[in-house]
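Residues per chain are reported as follows:
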Amino acid sequence: MSALSVNTRSRQAIAAQDAAFTPLEIASDRCKGCELCVAACPYHLLALDRDVVNALGYHPIELHDAPSCTSCAFCARVCPDAVFTVYAPPKREAAK
Ligand code: SF4
Ligand code: SF4
């Protein structure tokens, strides 16, 4: 197998891994819609989901651009209700 096809396979594997990765788990039923996390996200990736009402009667937060999330956890640090679980991005092998 050529080095080129190995690199192509590696890139495909990384792309598949990136597509499957979810940086944030959101416990929507604990969200009270205070929007502290909206202000804290440096990339403006969070917004209230105006189409949904949660068990507490609020519009819960949603991540609207998951691929742009850096797992910085600023949102989790400011949330008073522990709504977020943040996952580190998958490690990648160094390119050969
Ligand atoms: S982890 Fe960081 S980039 Fe991702 S939504 Fe939270 S504040 Fe924004
Ligand atoms: S800071 Fe927490 S409770 Fe407030 S809107 Fe964001 S996720 Fe919901």
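Look a little higher up for the structure.
Quick notes on the rules
Residues numbered from 1 in each chain as written. Chains lettered and ligands numbered in written order. Predicted model: local features only at pLDDT ≥ 70, side-chain atom pairs only at ≥ 80, totals over all residues. Helix = DSSP H or I, 4+ residues; strand = E, 2+ residues; numbered from the N terminus. Buried ≥ 20, exposed ≤ 12 C-beta atoms within 10 Å, placed from the backbone. Near = placed C-beta within 6 Å. Nonpolar A, V, L, I, M, F, W, Y, C, P; charged D, E, K, R; others polar. Core = buried A, V, L, I, M, F, W, Y, C linked by C-beta atoms within 7 Å. Contact = placed C-beta atoms within 7 Å.

Engineer: Help me understand the overall build of the chain in this model?
Structural biologist: When helices and strands are tallied, the chain shows three helices and four strands. Taking all 96 residues of the chain together, 16% fall into the buried category.

Engineer: For this particular structure, what's the right way to read the site of ligand 2?
Structural biologist: Inspection of the region around ligand 2 gives Cys-31, Lys-32, Gly-33, Cys-34, Glu-35, Leu-36, Cys-37, Ile-61, Val-78, Cys-79, Asp-81 and Val-83 as its neighbouring residues. Classifying every residue of the shell around ligand 2 gives eight nonpolar, one polar and three charged.

Engineer: So what exactly am I meant to see when it comes to the site of ligand 1 here?
Structural biologist: In the vicinity of ligand 1 lie 16 residues, with Cys-41, Cys-69, Cys-72, Phe-74 and Cys-75 positioned nearest. When its residues are assigned to classes, the shell around ligand 1 shows 14 nonpolar, two polar and no charged.

Engineer: What exactly am I supposed to notice about the nonpolar core here?
Structural biologist: Residues Ile-26, Leu-46, Ile-61, Leu-63, Val-83 and Phe-84 are the most contacted members of the largest nonpolar core, which totals 13 residues. Secondary structure elements with two or more residues in this core: strand 1 (24–26) and strand 3 (61–63). In contact with Phe-84, not counting residues within four places along its chain, are Leu-24, Ile-26, Cys-75, Ala-76 and Cys-79.

Engineer: Would you mind going over the environment of Arg-50 with me for this structure?
Structural biologist: Residue placement: Arg-50 occurs in the loop between strand 2 (46–48) and strand 3. We classify Arg-50 as exposed; it has 8 C-beta atoms within 10 Å.

Engineer: Mind showing me how you'd approach unusual backbone geometry here?
Structural biologist: Located in the positive-phi region is His-44, a residue other than glycine, with phi close to 55 degrees. Considering the arrangement of structural elements, one finds His-44 in the loop between helix 2 (36–40) and strand 2. The residue Ser-71 is not glycine, and still its phi comes out positive at about 60 degrees. For Ser-71, the position within the fold is in the loop between strand 3 and helix 3 (74–78). Exposure remark for Ser-71: the 12 C-beta atoms within 10 Å place this residue in the exposed category.

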